[in-house]
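Reading the structure
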Amino acid sequence: MALKNSTTHYGTVTRFLHWAVFLLFAHQYLSGNFMTRIEGDHTLFGLTQGNYYDWHKSIGVVLLLLAVLRILWRKLTPLPDWAPVLSPAERAISHWNETLLYACMTLMPVSGYLFVMAGDYGIKLFGLHDLVNPIGKQALLADIARVAHIAISYVIVVVASWHIGLGLKHHVFERNGFLRRMLPFCKP
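Residues numbered from 1 in each chain as written. Predicted model: local features only at pLDDT ≥ 70, side-chain atom pairs only at ≥ 80, totals over all residues. Heavy atoms only, no water.

**Describing the packing of aromatic side chains**
Using the following cut-off: Stacked, edge-to-face and tilted are the three classes for Phe, Tyr and Trp ring pairs, Trp counted by its six-membered ring, which pair at centre distances within 6.5 Å; planes under 30 degrees apart are stacked, over 60 edge-to-face, the rest tilted. The helix and strand labels rest on DSSP assignments: H or I over at least four residues marks a helix, E over at least two residues marks a strand, and numbering proceeds from the N terminus. Burial classification: accessible surface area is computed with a 1.4 Å probe over protein chains only, and a residue below 20% of its type maximum counts as buried, one above 50% as exposed, and the rest as partly exposed.
In the structure shown here, the tally under the stated rule is five aromatic pairs. Judged by centre distance (5.6 Å) and plane angle (70°), the rings of Phe 34 and Tyr 52 are edge-to-face. Residue Phe 34 is located in helix 1 (residues 12-37), and its partner Tyr 52 is located in helix 2 (residues 49-76); the two are separated by 18 residues in the primary sequence. Tyr 52 sits in the buried class, given a relative accessible area of 6%.

Structure, rendered in C-alpha cells:
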C-alpha cells in the first residue's frame with residue numbers, strides 16, 4: 001500500500017494518522033468521563049482518579065502533536081478525489097464537517113492544556129515527568145479554557161457522529177464499499 005494518497009484512496013500515512021487520532025479521542029472521551037465520575041479514593045479498572053487525569057493530560061499532549069502532524073501531512077499530500085457515491089449535498093456537508101473536525105482536534109488539546117496550566121494543575125507526562133508551566137496560575141484563563149474544553153467535547157461528539165454516520169450509511173446500508181478508502185488493512 002502506498003504511503004501517500006492516490007486519486008481514489010488514502011495512503012498509509014493518512015490512514016494511520018486518521019485512526020490514531022480517532023482511537024486516542026475515543027480514549028479521551030472515555031477517560032474524561034471516568035476521571036470526573038469516580039471518587040478520589042476509588043479505582044476503576046485498577047486506576048485511580050489521579051491516574052486517569054495524568055493519562056488524559058498526557059494523551060492530550062500526544063493528540064496535539066498528532067493533530068499538527070495531520071494538518072502538515074494534509075498540506076503536503078493531496079487528498080483523493082471525492083468518492084463518486086457522495087451526493088453534492090453530502091460533499092458540501094462533509095467539507096464543513098471535516099473543517100470542524102480539524103478545528104476541534106486542535107482546539108480540544110489546546111484548551112485542555114490552557115486549563116491545566118492556567119489552573120496550576122500541571123501535566124505529569126505519563127506519570128514520569130512534570131512539564132514546565134509557561135503560563136502560571138491565571139484563574140480567569142483557566143475558567144474560560146475549561147468551559148471551552150467542555151463545549152468543544154460536545155461539538156466533537158456531534159460532528160464525529162455525522163462523519164461516522166455518513167460512512168456507515170454508505171458502507172453498511174448502501175453497500176458501496178465507501179469505507180474501503182480509509183479502513184486500515186484494506187487494499188485499494
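**Section: the environment of Val 132**
Applicable threshold: Here a residue-residue contact requires only that any non-hydrogen atoms of the pair lie within 4.5 Å.
Considering the arrangement of structural elements, one finds Val 132 in the loop between strand 4 (129-130) and helix 4 (139-173). The spacing of Val 132 and Trp 162 is 30 residues in sequence and 38 Å in space, taken between C-alpha atoms. Those residues in contact with Val 132, other than ones at most four positions away along the chain, are Tyr 113 and Met 117.

**Some details on the environment of Phe 34**
The exposure class assigned to Phe 34 is partly exposed, which follows from its relative accessible area of 26%. Along the chain, Phe 34 and Ile 156 lie 122 residues apart, while their C-alpha atoms are 18 Å from each other. Ignoring anything within four residues of it in the chain, the contact list for Phe 34 reads Leu 44, Phe 45 and Tyr 52.

**What to know about the pattern of salt bridges**
Our working rule: By definition, a salt bridge exists where a carboxyl oxygen of Asp or Glu is found within 4 Å of a side-chain nitrogen of Lys or Arg.
All chains considered together, the criterion is met by four salt bridges. Between Lys 124 and Asp 130 there is a salt bridge, with its nearest N and O atoms 3.7 Å apart. The closest approach of N and O atoms between Glu 174 and Lys 169, which form a salt bridge, is 2.9 Å. Residue class for Lys 169 comes out partly exposed when judged on its relative accessible area of 32%. One network of salt bridges, in which partners are shared, links Glu 90, Lys 169 and Glu 174.

**Brief notes about a nonpolar patch on the surface**
The criterion, for reference: Without a salt bridge and with relative accessible area above 30%, a residue can belong to a patch; like charges are then joined within 9 Å and nonpolar side chains (Val, Leu, Ile, Met, Phe, Trp, Tyr) within 5 Å. All accessible-area figures derive from a Shrake-Rupley calculation using a 1.4 Å probe, and residue coverage is judged against the displayed protein chains alone.
Where nonpolar side chains cluster on the molecular surface, the patch consists of Phe 22, Leu 23, Ile 164, Leu 168, Val 172 and Phe 173 and spans about 580 Å² of accessible area. Counting residues per element, the ones that place at least two in the nonpolar patch are helix 1 and helix 4. The element best represented in the nonpolar patch is helix 4, accounting for four residues. Counting through the fold element by element, Leu 168 comes out in helix 4.

**Quick notes on the confidence of the model for the protein**
As a reminder, the rule being used: pLDDT measures the predictor's confidence residue by residue and takes values from 0 up to 100.
Here the protein averages 92 in pLDDT, and 99% of its residues register 70 or above. Taken element by element, the protein is modelled with least confidence in strand 2 (residues 47-48), mean pLDDT 86, and with most confidence in helix 3 (residues 88-118), mean pLDDT 96.

**Details of the packing of helix 2 against helix 3**
We apply this condition: Note on geometry: axes are C-alpha line fits, over the in-contact stretch for helices, and angles between N-to-C directions span 0 to 180 degrees. Crossing handedness: left-handed means the near helix sits turned counterclockwise from the far one by under a right angle, and right-handed means the same turn made clockwise. Charged residues are taken to be Asp, Glu, Lys and Arg, nonpolar residues to be Ala, Val, Leu, Ile, Met, Phe, Trp, Tyr, Cys and Pro, and polar residues to be all remaining types, Gly included.
Viewed as axis vectors pointing N to C, helix 2 and helix 3 meet at an angle of 145°, and their least axial separation amounts to 9 Å. Of the two elements, helix 2 crosses helix 3, and the hand of that crossing is left-handed. The segment helix 2 lies against helix 3, with Lys 57, Gly 60, Leu 63, Leu 64, Ala 67, Arg 70, Ile 71 and Arg 74 engaging Glu 98, Tyr 102, Met 105, Thr 106, Pro 109, Val 110 and Val 116. Here the residues of the contact of helix 2 with helix 3 sort into nine nonpolar, two polar and four charged.

**Brief notes about the side chain of His 149**
In plain terms, the rule: Each polar contact in these results corresponds to two N or O atoms within 3.5 Å; when the atoms are within protein, one needs to be able to donate a hydrogen and the other to accept it, and residues that are neighboring in sequence are counted only if both atoms are side-chain atoms.
Inspection of the secondary structure assignment puts His 149 in helix 4. Residue classification places His 149 among the buried positions, given a relative accessible area of 18%. Of note is the side chain of His 149, whose polar atom sits 2.9 Å from the side chain of Ser 111.

**Digging into unusual backbone geometry**
Positive phi outside glycine occurs at Asp 120, with the angle close to 60°. Along the chain, the position of Asp 120 falls in the loop between helix 3 and strand 3 (124-125). The phi angle at Arg 175 is positive, at roughly 50°, despite the residue not being glycine. By the element assignment, Arg 175 lies in the segment after helix 4.

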